Amino acid sequence: MKVDFARCVVGKKEIRAVNKVLKGTWLSSGPQTEAFEKEFAAYVGTKYAICVNSGSSANLLALSSLNLPKGSKVLTAAAGFPATLAPILHLGLEPVFVDYDLNTHNIDVDQVKSMLITHKISAIIFAHTLGNPVDTSIFQDLDIPIIEDCCEAVGTKVKGKSVGSFGTLGTFSFYPAHQMTALGGGGMVTTNNELLMKRMKSMRDWGKMWDWDSDKGGLVTHYTSDVNGMKYYKGYTYETVGYNFKLPEANCAFGREQLKKLDSFTKERQDNFIYLYKHLGSLSMFLELSIDWDASISWFGYPFTIKDSFYSRNNFGDFLERNGIRHRPFFGGNILRHKPFSSTQYGYADHFPVADKLMRDTLFVGCWNGMTQDMLDHIIKVVKKWVTLQLPV
C-alpha cells in the first residue's frame, strides 16, 4: 500500500470554475481575485486580504509592507522552513533568533519574552508549525508588528478565531501539499491595517498606485494622476518599488471553491490526526506533543520525534518508505546549519539545541483529508512494527 504524505482533493466544482475562466476573456488577476480576497478575509475575520502567487511571496510582501529601515532587528525562529527567514535577509534586515519549544514544536515563547527585553526588536515573524497554533497571548500587547506565518495552518482556529487574525499581518500558502490549494499555488496576506493593505496592493502589482483600476469604464487614458507635474495614466503610475506577485484568475476561481470546503477538510484532518494519536501517541519511543485540544487545529501532518537519539530517525524514515509510507523531515531543521544561513553573521547554529533535536530526530507523515481507513491503519501497523524491532529482546 502507498500512503502519500499529502494529496490534493479536487472536485467537479473546481474544474467547472476553472473552465469558466478559460472560456472568458480575462486570465490575469481580475474579478475572481477580488472575490477570493473578500471571501478569504471574511473567513479569517480580517478587514482585508491580498492575494499573491505563493506563501513565500506572502511573507516577503508582508514584511516589505512594514517599511523597516535597513538593519532593523526582526525576531524569528532558528528552526523551520526558509521562507520565514529569507525575507528578513532579502530586505537587508537583521534576524534575531530564538529556539523552538520541544513540547510544542513551535517557537519558544519564553525565549521570545527574553529577547524582547534584551534586544530592540522592530518586528516578529513566526510560524504555526504543522498547523499547531502558537500561544499568541504574549504578542497581544506588544507595540511592534507581528507577522503570523500561517502557511501550514490554513483553517486552524483558537477559541473560534482564525490564525492570521491575531497579529498585524497573517500569511497563508495554497501550495498543493497544504490544507487547500489554488490550482497548485497561491497565497494570501491578511490584515486589519488599511495603510498596509494599500501598500501591499501596490507592491504586489509592480508598484502601481494601489487603486489604479478603481476608475470604472475601462478607459486606458484616465489621466488621473500627477507624476512630477505631468498628468499621466493612472494605471502606469508607480508609488512603491514593487514585485509581480499576482495570481491568475483560474487559480483564484479554483481557490474559491476549495475555500468553501476548508472547514470540512479541517474536520477530516482533525479526525485523522486524533485516530493516529489514539493508537500511536502513547508509544514510549516518541515524545508526546503538547496540544491545545480546545483549539480547532487544521493539521498539516502527524509528527514523530524520537526521544532517545540512540535510535535513528533516518532508519525509521527508510523503514516507512520501504513500506509505502511517504514522509518528510522537520522542514529545514536548524536552518542555521544550512549553507546560505551559516555565515558568521547569522550562524549561531550551536546555540539552538531544540532545533538540532528536531533536525536529527523528527519526521512527519500525512493526515490529509481524503485518507482512507486502510491508509491510517497501515501507518499504525508499520510504526508499531518498527518500534518493536528497536526494543531490546
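Every chain is numbered independently, its residues counted from 1 as its sequence is written. Side-chain atom pairs in this predicted model are given and counted only at pLDDT of 80 or more, local residue features only at pLDDT of at least 70, and totals for whole chains, interfaces and linings cover all residues. No hydrogens and no water enter the side-chain calculation; it runs on all heavy atoms of the structure.

### Some details on the overall build of the chain
Here's step 1: What counts as a helix is a DSSP run of H or I of at least four residues, what counts as a strand is a run of E of at least two, and both are numbered from the N terminus. Tallying secondary structure elements over the chain gives 10 helices and 16 strands in all.
Here's step 2: For the chain, the C-alpha radius of gyration of 22 Å lies close to 21 Å, the compact-globule estimate for 393 residues.
Here's step 3: Its C-alpha atoms put the chain at 85 × 55 × 35 Å along the principal axes.
Here's step 4: In this scheme, a residue with accessible area under 20% of its type's maximum is buried, one over 50% is exposed, and one in between is partly exposed, where area comes from a 1.4 Å probe on protein chains only. With 393 residues in all, the chain has 55% of them scored as buried.
Here's step 5: We call two residues in contact whenever any of their non-hydrogen atoms come within 4.5 Å of each other. Long-range pairs, those at least 24 residues apart, make up 68% of the contacts in the chain with a sequence separation of at least 6.
Here's step 6: Note that accessible areas follow from Shrake-Rupley with a 1.4 Å probe, and for residues the cover is restricted to the protein chains shown. For the chain, the computed accessible surface area is about 18,000 Å², with 53% contributed by carbon and sulfur atoms.
Here's step 7: A residue counts as positive if it is Lys or Arg and as negative if it is Asp or Glu; His and the chain ends are not included. To locate a charge, take atom NZ for lysine, CZ for arginine, CG for aspartate or CD for glutamate. Of the side chains in the chain, 43 bear a positive and 39 a negative charge, and the two mean positions are spaced by 5 Å. As a reference, a globule follows 2.2 Å times the number of residues to the power 0.38, and the radius of gyration itself is taken over C-alpha atoms.

### Remarks on the sheet that holds strand β14 (residues 302-305)
Here's step 1: Pairing in this open sheet of three strands is antiparallel, and the strands run β14-β16-β15 from one edge to the other. The outermost strands of the open sheet, each flanked by one partner alone, are β14 and β15 (328-329).
Here's step 2: The rule for pairing is simple: two strands pair if DSSP sees at least two bridges between them. Pairing between β15 and strand β16 (residues 362-365): two bridges, direction antiparallel. Across the sheet, residue Pro329 finds its bridge partner in β16, namely Leu363.

### Quick notes on the sheet that holds strand β7 (residues 146-149)
Strand pairs in the sheet, formed through backbone hydrogen bonds, run parallel or antiparallel to each other.
Here's step 1: Taking strand neighbours across the sheet as the criterion, the seven strands line up as β1-β11-β10-β7-β6-β2-β3 in an open arrangement whose pairing is mixed. The two strands at the open ends of the sheet, each matched to only one other strand, are β1 (48-52) and β3 (94-98). When strand polarity is set aside, the average angle formed by the axes of neighbouring strands in this sheet is 20°.
Here's step 2: Bridging between strand β10 (residues 169-173) and strand β11 (residues 187-191) involves five bridges; their strand directions are antiparallel. Of the residues in β11, the one forming a bridge with Ser173 is Gly187.
Here's step 3: Axes, fitted as lines to C-alpha atoms, cover a helix only where it is in contact. Angles between the N-to-C directions of the axes lie from 0 to 180 degrees. Its contacts with the sheet place helix α6 (residues 194-204) against β1, β10 and β11, and it is angled at close to 15° to β1.

### Quick look at the side chain of Lys357
Here's step 1: With respect to the helices and strands, Lys357 occurs in helix α9 (residues 353-361).
Here's step 2: Here Lys307 takes part through its backbone oxygen, which lies 2.7 Å from a polar atom of the side chain of Lys357.
Here's step 3: Residues contacting Lys357, with those up to four places away along its chain left out, are Leu102, Leu287, Thr305, Ile306, Lys307, Asp308, Ser309 and Thr362. Nitrogen and oxygen atoms within 3.5 Å of one another constitute a polar contact, given that in protein one can donate a hydrogen and the other can accept it, and given that sequence-neighbouring residues count only through two side-chain atoms.

### Considerations on the pattern of salt bridges
Here's step 1: Take a side-chain nitrogen of Lys or Arg and a carboxyl oxygen of Asp or Glu: if they are within 4 Å of each other, that pair is a salt bridge. Under the definition given, this model contains 17 salt bridges.
Here's step 2: Notably, a salt bridge pairs Glu194 with Lys198, separated by 3.4 Å at the nearest N-O pair. Of this pair, Glu194 and Lys198 both sit in helix α6, four residues apart, roughly one helical turn.
Here's step 3: When salt bridges with common partners are traced through the structure, they connect Lys2, Asp4 and Arg7 into a single cluster.

### What to know about the state of the cysteines
Here's step 1: The term disulfide is used for any two cysteine sulfur atoms that are within 2.5 Å. Considering all chains together, one arrives at zero disulfides under this definition.
Here's step 2: Free cysteine: Cys8, not disulfide-bonded; nearest cysteine sulfur from Cys367 at 15 Å.
Here's step 3: Cysteine Cys252 is unpaired, with the sulfur of Cys51 as its nearest cysteine sulfur at 3.9 Å.
Here's step 4: The exposure class assigned to Cys252 is buried, which follows from its relative accessible area of 0%.

### Observations regarding a nonpolar patch on the surface
Here's step 1: Residues form patches when they are more than 30% accessible in relative terms and have no salt bridge. Like charges link within 9 Å. Nonpolar side chains (Val, Leu, Ile, Met, Phe, Trp, Tyr) link within 5 Å. On the surface, Trp206, Val227, Met230, Tyr232, Tyr236 and Tyr238 cluster together into a nonpolar patch covering about 630 Å² of accessible area.
Here's step 2: Within the secondary structure, Val227 sits in strand β12 (residues 225-227).
Here's step 3: On the basis of relative accessible area, Val227 is assigned to the partly exposed category, the value being 36%.

### Details of the pairing of β1
Here's step 1: Here β1 lies mainly inside the structure; four of its five residues are buried.
Here's step 2: As defined by bridge partners, β1 adjoins β11 across five bridges and the pair is classed as antiparallel. Of the residues in β11, the one forming a bridge with Ala49 is Thr190.

### Considering the packing of aromatic side chains
Here's step 1: Aromatic rings from Phe, Tyr and Trp, taking only the six-membered ring of Trp, are treated as a pair when their centres fall within 6.5 Å; an angle between ring planes under 30 degrees marks them as stacked, one over 60 as edge-to-face, and anything in between as tilted. Enumeration according to the criterion identifies 25 aromatic pairs in this entry.
Here's step 2: Taking the centre distance of 5.2 Å and the plane angle of 85° together, the rings of Phe310 and Tyr311 count as edge-to-face.
Here's step 3: On the accessibility criterion, Tyr311 (16% relative accessible area) is buried.
Here's step 4: Ring centres of Phe331 and Phe364 lie 5.4 Å apart, and the angle between their planes is 40°; this geometry places the pair in the tilted category. Of the two residues, Phe331 is situated in the loop between β15 and α9 and Phe364 in strand β16; the sequence distance between them amounts to 33 residues.
Here's step 5: Residue class for Phe364 comes out buried when judged on its relative accessible area of 2%.
Here's step 6: The rule for a charge over a ring is simple: NZ of Lys or CZ of Arg within 6 Å of the ring centre, and within 35 degrees of the ring normal. Its end group placed over the ring of Phe166, Lys161 keeps NZ or CZ at 4.8 Å from the ring centre.

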